[in-house]
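Residues per chain, in single letters:
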Amino acid sequence: MDALCRAEPRSRRPAAASASPLPWARFSAWLDCVCVVTFDLELGQAMELVYPYDFRLTEKEKTSICYLSFPDSYSGGLGDTQFSFRLRQSGGQRTTHYEDDGEYNREAPLTLQRESAHYFGYVYFRQVKDSSMKRGYFQKSLVLVSRLPYVNLFQSLLQLIAPEYFDKLEPCLEAVCNEIDQWPPPVPGQTLNLPVMGVVIQVRIPSRVDKPGSSPVKQFNQENLLPAPLVLPSIHELDLFRCFQPVLIHIQMLWELMLLGEPIVVMAPSPTVSSEMVLALTSCLAPLRYCCDYRPYFTIHDSEFKEYTTRTQAPPNIVVGVTNPFFIKTLQHWPHILRVGELRMSGDLPKQVKVKKLAKLKTLDTKPGIYTSYKTFLHKDKTLIKRLLKGIQRKRPSEVQSALLRRHLLELTQSFIIPLEHYIASLMPLQRAITPWKNPPQIRPFRQEDFMKTLEHAGPQLTCVLKGDWLGLYRRFFKSPNFDGWYRQRHKEMTQKLEALHLEAICEANIVAWMKDKSEVEIVDLVLKLREKLVRARCQHLPVKEETLQRVGLYIETIIGSLPEDLQTVLHHH
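Residues numbered from 1 in each chain as written. Predicted model: local features only at pLDDT ≥ 70, side-chain atom pairs only at ≥ 80, totals over all residues. Heavy atoms only, no water.

Note the following rule: UniProt positions are given in the numbering used here, feature names are shortened, and annotations may be inferred rather than shown by experiment.
The name an unreviewed UniProt entry assigns to the protein is DENN domain containing 6B, from the organism Aquila chrysaetos chrysaetos. Looking at the protein in UniProt, the text filed under Sequence similarities (unreviewed entry) is "Belongs to the DENND6 family."

### Section: the environment of Ile318
So the rule is basically this: Numbered from the N terminus, helices here are DSSP runs of H or I no shorter than four residues, and strands are runs of E no shorter than two. Each residue is placed in one exposure class: buried if its accessible area under a 1.4 Å probe, protein chains only, is under 20% of its type's maximum, exposed if it is over 50%, and partly exposed if it falls in between.
Residue position: Ile318 is located in strand S11 (residues 318–322). The exposure class assigned to Ile318 is buried, which follows from its relative accessible area of 1%. Considering only alpha carbons, one finds Ile318 and Tyr308, 10 residues apart in sequence, at a separation of 9.3 Å.

### Quick look at the layout of surface pockets
Short version of the rule: Cavities and pockets are defined on a 1 Å grid built over the protein atoms alone: a cavity is a set of grid points where a 1.4 Å probe fits but cannot escape, while a pocket is an open set with protein on both sides within 12 Å along at least five of seven lines, and lining residues are those with an atom within 4 Å of any such point. Grid points are joined across faces, edges and corners, and a volume is the space filled by probe spheres set on the points. Bear in mind that the domain bounds are from an automatic or database domain assignment.
Estimates place the volume of the second largest pocket at around 640 Å³. Asn105, Arg106, Arg208, Gln489 and Lys492 are the residues nearest the centre of the second largest pocket, which is lined by 22 residues in total. Secondary structure elements with two or more residues in the lining of the second largest pocket: helix H3 (103–107) and helix H15 (481–508). Two domains each put at least three residues into the lining of the second largest pocket: domain 1 (25–183) and domain 3 (510–573).

### Thoughts on the nonpolar core
Worth spelling out the cut-off: Note on terminology: a nonpolar core comprises buried Ala, Val, Leu, Ile, Met, Phe, Trp, Tyr and Cys residues joined through side-chain atoms within 4.5 Å. The contact definition used throughout considers only heavy atoms, calling two residues in contact when any of these lie within 4.5 Å.
The biggest cluster of nonpolar side chains holds 117 residues, and the ones touching the most others in it are Trp30 and Phe244. Two domains each donate at least three residues to this core, and these are domain 1 (25–183) and domain 2 (239–487). In this structure, Trp30 is in contact with Ser146, Leu148, Tyr150, Leu153, Phe154, Trp183, Pro184, Pro185, Pro186, Leu192, Leu194 and Ile205, ignoring residues within four places of it in sequence. Within the second largest apolar cluster, 25 residues are counted, among which are Leu530, Ala537, Ile556 and Ile560.

### Let's talk about the sheet that holds strand S8 (residues 230–231)
Quick reminder of the rule: Strand pairing is defined by DSSP finding a minimum of two bridges between the two strands. To obtain each axis, a line is fitted to C-alpha atoms, and for helices this fit is confined to the stretch in contact; angles are then taken between N-to-C directions over 0 to 180 degrees.
The strand order S6-S7-S8 describes an open sheet built from three strands, whose pairing is mixed. Two strands lie at the open edges of the sheet, namely strand S6 (191–196) and S8, each paired on one side alone. Across two bridges, the pairing between strand S7 (residues 199–204) and S8 is parallel. By the bridge assignment, Ile201 is partnered in S8 with Leu230. Here helix H4 (residues 151–168) sits on the sheet in contact with S6 and S7, set at roughly 175° to S7.

### Details of the packing of aromatic side chains
The line we're drawing: Only centres within 6.5 Å qualify two rings of Phe, Tyr or Trp (six-membered ring in Trp) as a pair; their planes then separate them into stacked at under 30 degrees, edge-to-face at over 60, and tilted for everything else. Geometrically, a charge over a ring is one whose NZ (Lys) or CZ (Arg) sits within 6 Å of the ring centre while staying within 35 degrees of the ring normal.
Within the structure shown, the criterion is met by 36 aromatic pairs. With a centroid separation of 6.1 Å and 20° between ring planes, the pair formed by Tyr150 and Phe154 is classed as stacked. Its relative accessible area of 0% is what places Phe154 among the buried residues. Seen from their ring centres, Tyr374 and Phe377 are 6.4 Å apart, and the 65° between their planes marks the pair as edge-to-face. The ring of Tyr104 has Arg114 lying over it, and the distance from NZ or CZ to the ring centre is 5.3 Å.

### Let's talk about empty space enclosed by the protein
Applied cut-off: The residue classification treats Ala, Val, Leu, Ile, Met, Phe, Trp, Tyr, Cys and Pro as nonpolar and Asp, Glu, Lys and Arg as charged. All others, Gly included, are polar.
For the structure on display, the rule yields one cavity of 30 Å³ or more. The space that makes up the largest cavity amounts to roughly 40 Å³. Among the elements of the structure, helix H7 (251–259) and helix H11 (382–393) are those that each provide at least two residues to the lining of the largest cavity. For the lining of the largest cavity, a count of residues per class yields five nonpolar, two polar and two charged.

### Some points on the sheet that holds strand S10 (residues 293–295)
Taken in spatial order, the six strands line up as S10-S11-S9-S12-S14-S13 in an open sheet, and their pairing is mixed. If you trace the sheet from one side to the other, it starts and ends with S10 and strand S13 (354–356), each paired once. Ignoring which end each strand starts from, the neighbouring axes of this sheet average 15° apart. Strand direction decides the pairing type here: strand S9 (residues 264–267) and strand S12 (residues 336–339), joined by four bridges, are parallel. By the bridge assignment for S12, Ile264 is matched with His336. With respect to the sheet, H7 is in contact with S9, S11, S12, S13 and strand S14 (369–372), its orientation differing from that of S14 by roughly 45°. In this fold helix H8 (residues 271–283) packs onto S9, S10, S11 and S12, with an angle of close to 160° to the strand it touches most, S11.

### Observations regarding the state of the cysteines
Operational definition: The disulfide definition used here is simple: a pair of cysteine sulfur atoms within 2.5 Å.
Evaluated as defined, the whole model comprises zero disulfides. Cys177 carries a free sulfur, and the closest cysteine sulfur to it, the one in Cys33, is 9.4 Å from it.

### What about the pattern of salt bridges?
Definition in use: When a carboxyl oxygen of Asp or Glu lies within 4 Å of a side-chain nitrogen of Lys or Arg, that pair is called a salt bridge.
Scanning the model with the defined rule gives 28 salt bridges in all. A salt bridge links Arg407 to Glu411; the nearest nitrogen and oxygen atoms lie 3.8 Å apart. Of this pair, Arg407 and Glu411 both sit in helix H12 (residues 398–425), four residues apart, roughly one helical turn. Its relative accessible area of 37% is what places Arg407 among the partly exposed residues. Judged by relative accessible area, Glu411 falls into the partly exposed class, the value being 41%. Taken together, the shared-partner salt bridges connect Arg86, Arg88, Glu115, Asp293, Arg295, Glu304 and Glu307 into one network.

### Digging into the environment of Ser274
Here Ser274 is to be found in helix H8. Once the C-alpha coordinates of Ser274 and Arg295 are considered, the two residues, 21 residues apart in sequence, prove to be 9.4 Å apart. The contacts of Ser274, once residues within four sequence positions are left out, are Ala268, Pro296, Tyr297, Gly321, Val322 and Thr323.

### Considering the side chain of Glu304
Applicable threshold: Definition of a polar contact: a pair of N or O atoms within 3.5 Å, with one able to donate and the other able to accept a hydrogen when the atoms are protein atoms, and with sequence-neighbouring residues admitted only if both atoms are side-chain atoms.
With respect to the secondary-structure elements, Glu304 resides in the loop between S10 and helix H9 (305–309). Within polar-contact distance, the side chain of Glu304 engages the side chain of Arg88 at 2.9 Å. With residues up to four places along the chain from it excluded, the contact list for Glu304 reads Arg88, Arg295 and Phe298.

### A closer look at the pairing of S11
The element S11 is extensively covered by neighbouring structure, given that five of its five residues are classed as buried. For S9 and S11, the ladder comprises four bridges, and the chain directions are parallel. Counterpart to Met267 in the pairing with S11 is Val322. In the sheet, S10 pairs with S11 via three bridges, with the strands oriented parallel. Considered in S11, the bridge of Arg295 is made with Val320.

Quick look at the structure:
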């Protein structure tokens, strides 16, 4: 590996080595930057390095990354720790080397979108005794900063590069970044081979057209890859069974709290447990997107600390993971607090936490539990617990248990969302109502009471055995940011579909017959409207075939050709 860690500075890299049009274009398709945070006796946590050197973080972002890259409360544990955080971007839109017209977000699942206003930080923290340091300890974090929620991929990447970096330092990091700058971009639906430090990581990027719940792992073509690649079963899915093991009997309650976008605090003994639990919670609504804010790891130094701890207003819709015992005092007015211990996989069902009254959350040695007065709308699924227990007794592998759990949560979410999908589809105008020379008809408004009436014959009971107050759950859901996010997304997709159908109707119309009895003003008006439609179709990437767009372009030329020459000149210049 020594050879790999002898990097040339970027400026001396031969031009032919990079197929990408700009330096760092391919790198920034995956990562925004790599940071090294160290402990300085005078300054505390300090930013030692940001790579690429020309990447601009604001001072506020640098400060936040420094605090979020170290464990918040004193941890006497030596060794290596990995965890994640999510950080609000400050200072407006940033230019990036990565040229993205939104294609990735159009093709990726909603749960794996590239973030526009937040960064993810993936941290590898090392704390070891070192007599050469003033404090007697070596404390340093290597942090990958990205807009992509690929927790598995980036944590696996850190396991390869961080130990090597701590030994060989900066040249090694430069070499790794140069290698990442050769990677193909993340294209949904594709299986990619990503070489780094003599290892090839093989991943499949999920796509929006994947069947929910289908296994992402297929044995890919490996014949030309020596050594055999490191195949990651998923770029983002955590071991749900391990994360949720102390709360398995409350999975129903946690799913409801997430669905309703309730404010939740996860109090954990370490940033690893905190970040894994928060990410596991946000993933349990898939394929529905969790539309609220979430912070897998949050410290008292965070710029939003005052905003979240104030008692003058209700807590925001957010799931926040913390480790500092100080939060027990400052966040005890929050409605739902999940206190968990260290996650240990053992041969038995781990001790399950109890649901307790919030009033009991007073002391610093508060026992693990879910502190809430929330009453679930749906009854517990006892069959799931029995199946998981049987799996523990039979020593079923954790990934199989996780798959069971994920399938259960997927079916629960689908049972809840399918009636909403059916109802919203019924609000779409009929295709025969779309005529070429009139604006397409409007999508009918979503009326909650009309939807509720459909539940008697087409409700979740058709696909889910769980009993309970489904109607009450829907009424509460309508007030949540998750409903708002789901509705906006569906409405946008339906509006684009209407536009696409309208363009197809125009293509099938007899344009010459329409023009016969029309005045020049009406014909010019049509040209301008068709041009506007064409621009919108291309800018918004409407679901329209390229040949349809070309035919509309030919129509425009035909119409202009029928007009007097002076008007033709004006329209060609317009």
